[in-house]
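Chain and residue survey
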Amino acid sequence: MKRTFFLVFLLSGVLLNAYSQSISWNKSYQDYFDLYDDVAIEQMQKYGIPASITLAQGVLESGAGKSELARKGNNHFGIKCNGWTGRRVYHDDDELQECFRAYDNAYQSYVDHSVFLKTSSRYSRLFLLKTTDYKGWAKGLKACGYATSPTYAQRLINIIELYHLYKYDKGGSFDKFQVQQMELGDLRHVKAFNKNYYVIARKGDTFRTIGADANIPYRRLASFNERDKDDTLEEGEIVWLKKKRRKAPSEFKNHPHRVQQGESMYSISQKYGIRLKNLYKMNNLSPEYVIQVGDQLRIR
């Protein structure tokens, strides 16, 4: 019996170590964190749950926002219907067609996750821990029964450490603009890139219609995108919600953009969230220059 127990224990350790070694960086995870980091910090400051834990749980439970529950019910934390009187969705989990809470937008899911943990006696002991103790929180969530997977705590810890999510637990400031977009209902599916936020224009959109949804004066929105305030936008265009930056993110330092058919200096500046004049300046080009397919442009 002791030998069997030892072998089981050893095998469990090997499996956990194998998982720990196999985790690798995933762009969809990073995109998720870039989009929801400010909301997680805001919730930490309100309820005392480490932002790193909230983000790691959110990305894991929702498949980086791409799971069926996230798509159909904006449910990012796998919270079931227990005591819930709002909209519901049904999904196969431990049992077939279990009932899960559904929300109007992702922000509501984040708030409900915070309230769920804060008001449940099951998780009360976790709030005795510091918000910087992400390991204690991860192990405590597993011990309190948040998830049935034996590797749940270690998976949270691995994610937090790989993406350095613990940096958010120091209680710094957050972008109130992004949180406001979430509170407004994420009407336009706001996306994050280059320390900025953007939406994709729909058929018939103008700066007035997008500005109304995003609660941004349409004249200011047009100026952010270096356009006339009365322009009609093409379906699929990128519309930036804050002033564009002077250069692309650091990962593009040694990766110039190769001009494709149909692109212009303006469309390239919009793609990377770069001010048009800075794109010309980085490439020592005058505004009169007509780019050619195959040209390579510095964007950083």
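Here's a quick rundown of the structure. The model shown is predicted, which means the values in this text are computed figures rather than measured ones.

Rules and cut-offs
Residues numbered from 1 in each chain as written. Predicted model: local features only at pLDDT ≥ 70, side-chain atom pairs only at ≥ 80, totals over all residues. Heavy atoms only, no water. Helix = DSSP H or I, 4+ residues; strand = E, 2+ residues; numbered from the N terminus. Contact = heavy atoms within 4.5 Å. 1 Å grid on protein atoms, 1.4 Å probe; cavity = no way out; pocket = protein on both sides within 12 Å on 5 of 7 lines; lining within 4 Å. Points joined across faces, edges and corners; volume = space filled by probe spheres on them. Pairing = 2+ DSSP bridges. Core = buried A, V, L, I, M, F, W, Y, C linked by side-chain atoms within 4.5 Å. Buried < 20%, exposed > 50% of the residue type's maximum accessible area, 1.4 Å probe, protein only. Phe/Tyr/Trp six-rings, centres within 6.5 Å; stacked < 30°, edge-to-face > 60°.

The topology assignment puts Asn196 in strand β4 (residues 196-200). Residues in contact with Asn196, not counting those within four places in the same chain, are Lys191, Trp240, Leu241, Lys242, Lys243 and Lys244.

This paragraph deals with empty space enclosed by the protein. For the coordinates displayed, the defined rule picks out two cavities of 30 Å³ or more. Empty space within the second largest cavity amounts to approximately 30 Å³. Every residue along the wall of the second largest cavity is listed here: Glu68, Leu69, Lys72, Val89, Tyr90 and His91. Put simply, the parts of the chain that give the lining of the second largest cavity at least two residues each are α4 (68-73) and β1 (88-91).

Now for the pairing of β1. As defined by bridge partners, β1 adjoins strand β2 (residues 98-101) across four bridges and the pair is classed as antiparallel. Its bridge partner lying in β2, Val89 is registered against Phe100. What sits between β1 and β2 in their antiparallel hairpin is a turn of six residues, with Gln97 showing a positive phi close to 45°.

In this section: the nonpolar core. If you look at the biggest cluster of nonpolar residues, it comprises 47 residues, and the most contacted ones within it are Phe33, Ile159 and Leu165. Looking at this core, the elements with two or more residues in it are α2 (27-47), α3 (51-62), α5 (106-119), α6 (134-143), α7 (152-162) and α8 (176-183). For this core, the element with the highest residue contribution is α2, accounting for nine residues. In contact with Ile159, other than residues within four places in its own chain, are Ile23, Tyr29, Phe33, Ala56, Val59, Leu60 and Leu165. Core analysis: the second largest hydrophobic core is formed by 16 residues, Phe177, Val190, Val199 and Ala214 among them.

On to the packing of aromatic side chains, then. Here a ring pair, both rings aromatic, is described through the centre-centre distance and the interplanar angle of the planes. This structure, assessed with the given rule, holds 17 aromatic pairs. Consider the rings of Tyr29 and Phe33, whose centres lie 6.4 Å apart with planes at 80°: the pair is edge-to-face. Residue Tyr29 and its partner Phe33 are located together in helix α2, separated by four residues, close to a single helical turn. Residue classification places Phe33 among the buried residues on the basis of a relative accessible area of 0%. Grouped by ring-pair contacts, the aromatic residues Tyr29, Tyr32, Phe33, Tyr36, Phe77, Tyr110 and Tyr163 constitute a single cluster.

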